[in-house]
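Per-entry structural report
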Amino acid sequence: EWRDNLKQVLSLAGHEGKDVVFLFTDTQIVQEIFLENINNILSSGEVPNLFDDSDLGPIFEKVTPQLQQRKIPISKTNLYSAFVDQIRAHIHIVLAMSPLL
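The structure contained in this document is the topic of the report that follows. (Residues numbered from 1 in each chain as written. Predicted model: local features only at pLDDT ≥ 70, side-chain atom pairs only at ≥ 80, totals over all residues. Heavy atoms only, no water.)

**Let's talk about the pattern of salt bridges**
If charged atoms from side chains of opposite charge come close, those side chains can pair. Applicable threshold: Throughout this description, the term salt bridge denotes a Lys or Arg side-chain nitrogen within 4 Å of a carboxyl oxygen of Asp or Glu. Under the scheme applied here, a residue whose accessible area is under 20% of the maximum for its type counts as buried, over 50% as exposed, and between as partly exposed, the area being computed with a 1.4 Å probe on protein chains only. The secondary structure listing takes helices from DSSP runs of H or I that are at least 4 residues long and strands from runs of E that are at least 2 residues long, numbered from the N terminus.
Here the structure, examined in full by the defined rule, presents three salt bridges. A salt bridge links Glu16 to Lys18, with the nearest nitrogen and oxygen atoms 3.5 Å apart. Judged by its relative accessible area of 44%, Lys18 is partly exposed. In this structure, Asp53 and Lys76 form a salt bridge, with 3.2 Å as the shortest nitrogen-oxygen distance. Taken together, the positions of Asp53 in helix 3 (residues 53-69) and Lys76 in helix 4 (residues 76-90) put the pair 23 residues apart, joining distant regions of the chain. The class of Asp53 is exposed, set by a relative accessible area of 58%.

Following this line, the structure appears as structure tokens:
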């Protein structure tokens with residue numbers, strides 16, 4: 001469920017180009033992987049191996065015209081890079097931590 005939610009949020013930001021606020025509170029930290037994924041998004045704009053090839057097909061179709069317009073060669077690397085750039089431009093992560101133990 002966590003990975004599906006991340007896919008949905010990152011797709012909104014990167015695929016659809018919508019501004020997204022991802023609010024994450026300390027009470028939602030159920031597994032350590034949650035923090036690792038948030039760290040990956042903050043540092044690189046992506047979560048490694050989150051999307052498989054079947055997920056990337058529609059994303060690449062949406063990103064291809066953007067690359068063509070900018071005269072960037074169409075390759076899997078360039079398409080994924082453009083997708084991640086869109087995520088970085090449109091996602092805002094809010095971490096809410098309680099000062100109480």
